[in-house]
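# Structural description and commentary
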Amino acid sequence: MSLLKIEHLTVRTTEQLELVEPMSLVLNAGENITILGETGSGKSLLIQAIMGALPDGLIASGQIWVENCKISSQSHRLQQLWGKRLVMLPQEPRRSLDPIMPIRQQLWESYHFVAGYTDKQAQHQSEQYLGDLGLKNAVNAYPHQLSGGMAQRASFAIATASGGKILLADEPTKGLDPASKQNVIQLLQKAHQNGGALLTITHDIDVASQLGGYIFVMRKGKLVEQGQAEQLLTTPKHEYTRALISADPKHWQSFNLQKNEQKRPLVSVNNLTVAREKRELFRDLSFTLNQGEILGIVGQSGIGKSTLADVLCGLLKAKSGKVEWHHSQHKKHQVLKLYQDPPEAFAPNVTLQTLLDDVIRYHHLDGSQIPHLLQQLSLSPEILQRTAENVSGGELQRVAILRALLLEPVLLFADEVTSRLDPITQQETIQLLIEQCRARQCALILVSHDPYLIEKSCDKVINLEDYC
C-alpha cells in the first residue's frame, strides 16, 4: 500500500528561482527511502514541502498523495494531517521542544490533544513511552537538561505519539555520540518495519548504509543518482556520489600535524576537577596546549567535554584546579567556543550580515576578510542576507566559524562543529580550521565523536573517560 507519493514536487522562491528541481517518489508501507546529499542541497526543503511547512518566501508546486488521497502541495490540508498521518522528526530537536515545559507534559499534549486520549490515559501513556525509550529518569526534565540523544528520543516520542505512519526524519543523528546515534537508528528502523514508512535525509554515509532501502542522492537541488542502498554505496556511478563516500573521515589522509616545530605554550591546565549541579564530571585533568597546536577531546556524551570549554572560556568556575595562560595578553573574546548547535549562537530574526556587522563594529575588526572566508567555506555571499532561521544547520555552522576567525582568536574550542556538515564540506572545513589556526598560531581544540576525524586531525588526544 502506498502511504506517500509525490510527483514533480518543486520548491521555488517568490521570484521563481528554482531551489529544488521536480522530484518524484513513492513510499509504500514497510519501506524506507533515504535522501543523501551535501549541506544546502535542498533535502530539508523537500521534506518541508511535503509537510506543508516551507518558510515564508518559498513556494511548492506539484502533487502529493497521502495514503492514496490526493492533496495539493499548497493546501492547508497538509497541516491537518500533522501527527495523525504525517510525522516529522526535526533537524534541531531542541528547537522543536518547548523550553519551559517538562518533556512529560509535552508528550501528554500529543496524546491528549492530537490522539484524543483522556487526561489519565495520556499521563499513563506518556510515562510508559518515555520509559520504553530509556527516559524514565528524565520525565520531569526540561529540554536544556537533556543530552542531544535524549532530546532526539523525546522529540521522537512526541512526534509519533499520535500514531502517524509516515515519518519524515531530517538529519536525525547529527551531533550524537555513537551509542545515541545507534539508538536513534533503531527507532527509525522500527518506525517503518511496523507497517509505517520512513523518509530520512542525511549526509551521514553510515546512517544511510544501516537504514538500507532505497537512496536518492541530491546536489544543489538536483537528483544526481538513485538506487538500492547496498549497490549505490558500494558501486556509485555519479562522480559526486563517489566523492561524497570517499570524503568520509575513515578515508582521510592525516593533516599536516605539528612535529618538530618550536613549541610555545599558550595555556596549562593543572589538576582540573569540574562539576555541574553538584555532579562531578571529571577530575585531576592536566595538560599544556601550545600555540598553533591541535588537541582532540573525546569521551561519551555528558562526560564534560562542553563543560571543559566553558571553563577555558571563563564561563564556568572549576571545582578545583587551575587554568594558567602563558605570556598572553589576549582579550576575552579571543578565547572562543564554536557551538555544537549553531542556532544557540545567533539571534533568529536578524540577518546574518547585520550580526557580522555588529561584531565588526563592536570589536573594531577588519571586515575585508569576509569575501575570502565565504569562498573558503563554500558559502554564497547571498546567504548573509538571510536570518539564522532560513539557512540550514550546516550553513549556519560555517557562518559561525567565519565569525570566530574574524575575531583573531588565540584559542578555538570547536565542539562537534562539523557534525552538521556533509563529508565533503566537513573535510574542507576541518582543513580550513587547521590551516587558519596554524597560520595564526591559534590553538584549536576539536571535540568529535568520530574517532577517524580526531585521529587524522589532531597532534594529541585526551580521552576524558580516563579522568572519571
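The present account deals with the structure reproduced in this document. Since the model is a prediction, treat every value here as computed from it, not as a measurement.

What follows deals with the packing of helix H4 (residues 103–114) against helix H5 (residues 119–132). Between H4 and H5, the shortest axis-to-axis distance is 8 Å and the interhelical angle comes to 125°. Taken together, the axes of H4 and H5 lie oblique to each other. As for how H4 packs across H5, the hand of that crossing is right-handed. Only Asp-119, Ala-122, Gln-123, Gln-125, Ser-126, Glu-127, Tyr-129 and Leu-130 of H5 make contact with H4, whose side of the interface consists of Ile-103, Arg-104, Leu-107, Trp-108, Tyr-111 and His-112. Considered class by class, the residues forming the contact of H4 with H5 number seven nonpolar, four polar and three charged.

Further remarks concern unusual backbone geometry. Even without being a glycine, Glu-171 presents a positive backbone phi close to 45°. Topologically, Glu-171 is positioned in the loop between strand S7 (166–170) and helix H7 (178–193). For Glu-171, a relative accessible area of 7% corresponds to the buried category.

Topologically, Ser-320 is positioned in strand S14 (residues 320–325). Relative accessible area serves as the criterion here: at 33%, Ser-320 is assigned to the partly exposed category. Each C-alpha atom of the pair Ser-320 and Ala-275 lies 9.3 Å from the other, and the pair is 45 residues apart in sequence. Sequence-distant contacts of Ser-320, defined by excluding residues within four places in its chain, comprise Asn-271, Leu-272 and Thr-273.

What follows is about the nonpolar core. Membership of the largest hydrophobic core comes to 45 residues, with the highest contact counts inside it found for Leu-338, Leu-352, Leu-412, Leu-444 and Leu-446. At eight residues, helix H14 (residues 393–406) tops the list of elements feeding residues into this core. The residues contacting Leu-338, other than those within four sequence positions of it, are Ala-400, Ile-401, Ala-404, Leu-412, Phe-413, Ala-414, Asp-415, Val-417 and Leu-433. Leu-97, Trp-108, Ala-122 and Val-139 belong to the second-largest nonpolar core, a separate cluster that totals 33 residues.

Under the criterion given, the structure shown has 17 salt bridges. For Arg-104, the salt bridge is made with Glu-127, and the minimal N-O distance between the two is 2.6 Å. Taken together, the positions of Arg-104 in helix H4 and Glu-127 in helix H5 put the pair 23 residues apart, joining distant regions of the chain. Its relative accessible area of 42% is what places Glu-127 among the partly exposed residues. Residues joined in a network through salt bridges with shared partners are Lys-181, Asp-204 and Asp-206.

As for its position among the elements, Gln-369 is in the loop between helix H12 (352–363) and helix H13 (370–376). Dropping the residues within four chain positions of it, Gln-369 is found in contact with Leu-406 and Arg-440.

Consecutive side chains of a regular strand alternate in pointing toward one face of the sheet and then the other. Here eight bridges tie strand S11 (residues 265–276) to strand S12 (residues 279–290), and the two strands are oriented antiparallel to one another. Among the inter-strand pairings, Val-274 is bridged to a residue of S12, identified as Phe-282. Linking two consecutive strands that pair antiparallel, namely S11 and S12, is a turn of two residues; a positive phi of about 50° is found at Glu-277 within it. Across five bridges, the pairing between S11 and S14 is antiparallel. When the bridges of S14 are listed, Thr-273 appears paired with Ser-320.

Moving on, we get to the sheet that holds S7. Strand order across the open sheet formed by six strands is S6-S7-S8-S3-S9-S10, with mixed pairing between neighbours. Edge positions in the sheet fall to strand S6 (86–89) and strand S10 (222–228), since each has one partner strand and no second. Recorded for the sheet is a direction-independent mean angle of 15° between the axes of neighbouring strands. As paired strands, S7 and strand S8 (residues 197–202) are joined by five bridges and run parallel to one another. By the bridge assignment for S8, Ala-169 is matched with Thr-200. Docked against the sheet, H7 engages strand S3 (32–37), S6, S7 and S8, running at close to 145° with respect to S8. Helix H10 (residues 239–246) contacts S3, strand S9 (214–219) and S10 of the sheet and is inclined by roughly 100° relative to S9.

A few words now on the packing of H4 against helix H6 (residues 148–160). H6 packs onto H4 with a crossing angle of 20° between their chain directions and a minimal axis gap of 8 Å. Relative to H6, the element H4 is oriented roughly parallel. As H4 runs across H6, the sense of the crossing is right-handed. Between H4 and H6, the residues in contact are Ile-103, Gln-106, Leu-107 and Ser-110 and Ala-154, Ala-157 and Ile-158, respectively. A per-class count over the contact of H4 with H6 returns five nonpolar, two polar and no charged.

Reading across from one edge, S2-S1-S4-S5 is the order of the four strands in this open sheet, with antiparallel pairing throughout. On the outer flanks of this sheet lie strand S2 (18–28) and strand S5 (69–72), each paired with one strand and no other. Looking at each pair of strands side by side, their axes are set apart by 5° on average, direction ignored. As judged from the eight bridges shared by strand S1 (residues 2–13) and strand S4 (residues 58–66), these two strands associate in the antiparallel manner. Counterpart to Arg-12 in the pairing with S4 is Ile-59. In this fold helix H1 (residues 43–51) packs onto S1, S2 and S4, with an angle of close to 115° to the strand it touches most, S1.

Thresholds, definitions, all that
Residues numbered from 1 in each chain as written. Predicted model: local features only at pLDDT ≥ 70, side-chain atom pairs only at ≥ 80, totals over all residues. Heavy atoms only, no water. Axes fitted to C-alpha atoms, helices over the stretch in contact; angles between N-to-C directions. Helix = DSSP H or I, 4+ residues; strand = E, 2+ residues; numbered from the N terminus. Parallel < 35°, antiparallel > 145°, perpendicular 65-115°, else oblique. Left-handed = near helix turned anticlockwise from the far one by under 90°. Contact = heavy atoms within 4.5 Å. Nonpolar A, V, L, I, M, F, W, Y, C, P; charged D, E, K, R; others polar. Buried < 20%, exposed > 50% of the residue type's maximum accessible area, 1.4 Å probe, protein only. Core = buried A, V, L, I, M, F, W, Y, C linked by side-chain atoms within 4.5 Å. Salt bridge = Lys/Arg side-chain N within 4 Å of Asp/Glu carboxyl O. Pairing = 2+ DSSP bridges.

The values reported here are purely geometric and, on their own, carry no functional implication.
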